[in-house]
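Residues per chain are reported as follows:
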Amino acid sequence: MSFFGFGQSAEIEVILDGQDSRKTAEVKTEDGKKERLYLYYDGETISGKVNVSLKKPGTKLEHQGIKIEFIGQIEMFYDRGNHHEFISLVKELARPGDMIANSSYPFEFSNVEKPFEVYTGTNVRLRYFLRVTIIRRLADIMKEIDIAVHTLSSYPEMNNSIKMEVGIEDCLHIEFEYNKSKYHLKDVIVGKIYFLLVRIKIKHMEIAIIKKETTGSGPHIYTENVTIAKYEIMDGAPVRGESIPIRVFLAGYDLTPTMRDINKKFSVRYFLNLVLMDTEDRRYFKQQEITLWRKGDKLRKPNLQSPAIMAGTQNLQNTAQQYQQQTAGDNDNKTTVKEDFLRAPSSQSNDKLNESADPFDQRVSSPTESPENMIQNMTREAGDGQNDSSNDQVE
């Protein structure tokens, strides 16, 4: 656009080396759409060339220098005026002078450290991009091109299973088990739920994957919970001794690796949320944190949990035996904790429930942190049910 006869008199094009054969990845934009970007990894060199074309052949372009930058940036949506740059590399492409013809400039950023994965969430965005700037007296000419970055991990050597007893005092006692605590993004969650005591009228049970995004620090912390997926795993009243299988395929969902305290700005954590609903529409839930990681295409390490995953539709008792065989002789790799279901704040009922902190902050304790015979509570969701007594004390 020209303003009083002045405007951008040149066009900038950035061509990356090997882009025709380079893999691409879908990255969510700020407006919720998705775009495909060229994919890079930590330590990989970024190189290519910058083509500058004059819009009017025969004219000259006076400039104060041409440069290219590689930037890693975190942007908080509630503080858009401040961009936090954790990577900033600069290469000079041309000295000040006059450009009288179309020109091409090669560039290379060797073995660039890219410690974090690209991410666009509810309140934060982490991005990597190349920025070319033609410096001019009145108005600079700029061009930006985003790239995608994935962080790869190897298969965890220590991958404890999750086994926990939860319930409502004198009303419900169940045991649930997940085959692992760490899953790659294309993995399958396999588990079972076993009812030890049933004295309330349960209508159905469901399991959900919840993403918890935390941004900011100190008094300015913002937390957003997003339900990624939800499955109904039981319909109807269970009986004592009944087992319910769990199989959740992660490949079809928009997941990222677990991110903890990224550059002291934000975190992304994932939870499995087990929910029970009784005939009075009161909902009880228990959440357990899991760790997600990205497995590289070329990292074909043996999956020690594959027998359990392939067990699929076989009897749950056989599946449980496979878990025990895989962990035989190494009891330290399995942590068993007894907990109670917790009721959500602001709900009321005559059930005997224990007060508890935010279920997101409850993790599987080590044997040294929790007595073996402790049973953790489930949480009752707020505002559910039509038959709650108004005289009951709010937990």
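Treat the numbers as computed from the prediction; the structure is a model and nothing was measured.

K.L.:
Explain the overall build of the protein here, please?
P.N.:
Helix and strand content of the protein: two helices and 25 strands. Put simply, of all contacts in the protein between residues at least 6 apart along the chain, 72% involve residues at least 24 apart. Just so you have it, the protein exposes about 20,600 Å², and 46% of that area is on carbon and sulfur atoms.

K.L.:
Just checking my understanding: could you explain unusual backbone geometry for this structure?
P.N.:
Only a minority of non-glycine residues have a phi that is not negative, and only a minority of peptide bonds are not trans. The phi dihedral of asparagine 263 is positive, around 50°, even though this residue is not glycine. Take asparagine 263: it is sitting in the loop between strand E20 (259-262) and strand E21 (266-278). Phi angles above zero are rare outside glycine, and aspartate 281 is one such case at about 60°.

K.L.:
I keep staring at the pairing of strand E19 (residues 243-249) and nothing clicks. Help me out?
P.N.:
Look at any regular strand and the pattern is simple: side chains alternate between the two faces of the sheet. Side chains Ile244, Ile246 and Val248 of E19 all project onto a buried face; the interleaved residues Ser243, Pro245, Arg247 and Phe249 project onto a face where none is buried. Where strand E16 (residues 188-198) and E19 come together, seven bridges link them in antiparallel fashion. Paired with valine 188 across the bridge in E19 is phenylalanine 249.

K.L.:
Just checking my understanding: could you explain the sheet that holds strand E4 (residues 46-54) for this structure?
P.N.:
Within a sheet, each strand pairs with its neighbour through backbone hydrogen bonds, oriented either parallel or antiparallel. In space, the three strands of this open sheet follow the order E1-E4-E9, with antiparallel pairing throughout. Each end of this open sheet is capped by a strand with a single partner; those strands are strand E1 (10-16) and strand E9 (103-109). Put simply, the sheet's adjacent strands are angled 20° from each other on average, direction ignored. Pairing analysis gives seven bridges linking E1 to E4, with the strands arranged antiparallel.

K.L.:
I keep staring at the environment of lysine 34 and nothing clicks. Help me out?
P.N.:
Its place among the elements puts lysine 34 in strand E3 (residues 34-41). A relative accessible area of 48% means that lysine 34 is categorised as partly exposed. Not counting residues within four places of it along the chain, the set of residues in contact with lysine 34 comprises Glu26, Val27, Lys28, Thr29 and Asp254.

K.L.:
What is the right way to read the confidence of the model for the protein from this model?
P.N.:
Caution applies to low-pLDDT parts of the model: their predicted coordinates are not meant to be read in detail. Across the protein, the average pLDDT comes to 78, with 73% of residues at or above 70. Across residues 329-337, confidence stays below pLDDT 50; counting only partners more than four residues off in sequence or on other chains, it has 22 contacts. Confidence drops under a pLDDT of 50 for residues 386-395, and excluding neighbours within four residues, the segment shows 22 contacts in the predicted structure.

K.L.:
It is not clear to me how the packing of aromatic side chains should be interpreted in this structure. Could you clarify?
P.N.:
Geometrically, a pair of aromatic rings is defined through the distance of the ring centres and the angle of the planes. Scanning all chains against the criterion turns up nine aromatic pairs. When the centroid spacing of 5.7 Å and the interplanar angle of 15° are considered together, the rings of tyrosine 119 and phenylalanine 266 count as stacked. Taken together, the residues tyrosine 119 in strand E10 (residues 119-120) and phenylalanine 266 in strand E21 connect sequence positions 147 residues apart. When its relative accessible area of 3% is taken as the criterion, tyrosine 119 is described as buried. With a centroid separation of 5.2 Å and an interplanar angle of 45°, the aromatic rings of phenylalanine 176 and tyrosine 178 are classed as tilted. Judged by its relative accessible area of 1%, phenylalanine 176 is buried. Members of the aromatic cluster, joined through ring pairs, are Phe70, Phe86, Phe107, Phe109, Phe116 and Tyr128.

K.L.:
Sorry if this is basic, but what is going on with the environment of glutamate 108 here?
P.N.:
Mapped onto the secondary structure, glutamate 108 falls in strand E9. Note on glutamate 108: relative accessible area 42%, which makes it partly exposed. Taking the C-alpha atoms as reference points, glutamate 108 and isoleucine 46, separated by 62 residues in sequence, lie 5.8 Å from one another. Not counting residues up to four positions away in its chain, the partners in contact with glutamate 108 are Thr45, Ile46, Ser47 and Lys91. Only 2.7 Å separates the side chain of glutamate 108 from the side chain of serine 110, close enough to count as a polar contact.

K.L.:
What exactly am I supposed to notice about the pattern of salt bridges here?
P.N.:
A side chain with one charge can pair with a side chain of the opposite charge if their charged atoms come near. Considering all chains together, one arrives at 21 salt bridges under this definition. Across the pair glutamate 26 and arginine 36 runs a salt bridge, and its minimum N-O distance is 3.7 Å. Of this pair, glutamate 26 sits in strand E2 (residues 24-28) while arginine 36 sits in strand E3; the two residues are ten residues apart in sequence, bridging distant segments of the chain. Of the charged contacts in the structure, one is a salt bridge between arginine 294 and glutamate 117, with a shortest N-O distance of 2.5 Å. With arginine 294 in the loop between strand E22 (283-293) and helix H1 (306-311) and glutamate 117 in the loop between E9 and E10, this residue pair connects regions lying 177 residues apart in the sequence. Comparing arginine 294 with glutamate 117 shows no difference in burial state: the two are buried. Each of Glu69, Arg127, Arg131, Glu144 and Asp146 takes part in one network of salt bridges that share partners.

Parameters at a glance
- Residues numbered from 1 in each chain as written.
- Predicted model: local features only at pLDDT ≥ 70, side-chain atom pairs only at ≥ 80, totals over all residues.
- Heavy atoms only, no water.
- Helix = DSSP H or I, 4+ residues; strand = E, 2+ residues; numbered from the N terminus.
- Contact = heavy atoms within 4.5 Å.
- Areas by Shrake-Rupley, 256 points an atom, 1.4 Å probe, with all protein chains shown as cover.
- Buried < 20%, exposed > 50% of the residue type's maximum accessible area, 1.4 Å probe, protein only.
- Pairing = 2+ DSSP bridges.
- Axes fitted to C-alpha atoms, helices over the stretch in contact; angles between N-to-C directions.
- pLDDT = per-residue confidence, 0-100.
- Phe/Tyr/Trp six-rings, centres within 6.5 Å; stacked < 30°, edge-to-face > 60°.
- Polar contact = N/O pair within 3.5 Å; in protein donor to acceptor, adjacent residues only side chain to side chain.
- Salt bridge = Lys/Arg side-chain N within 4 Å of Asp/Glu carboxyl O.

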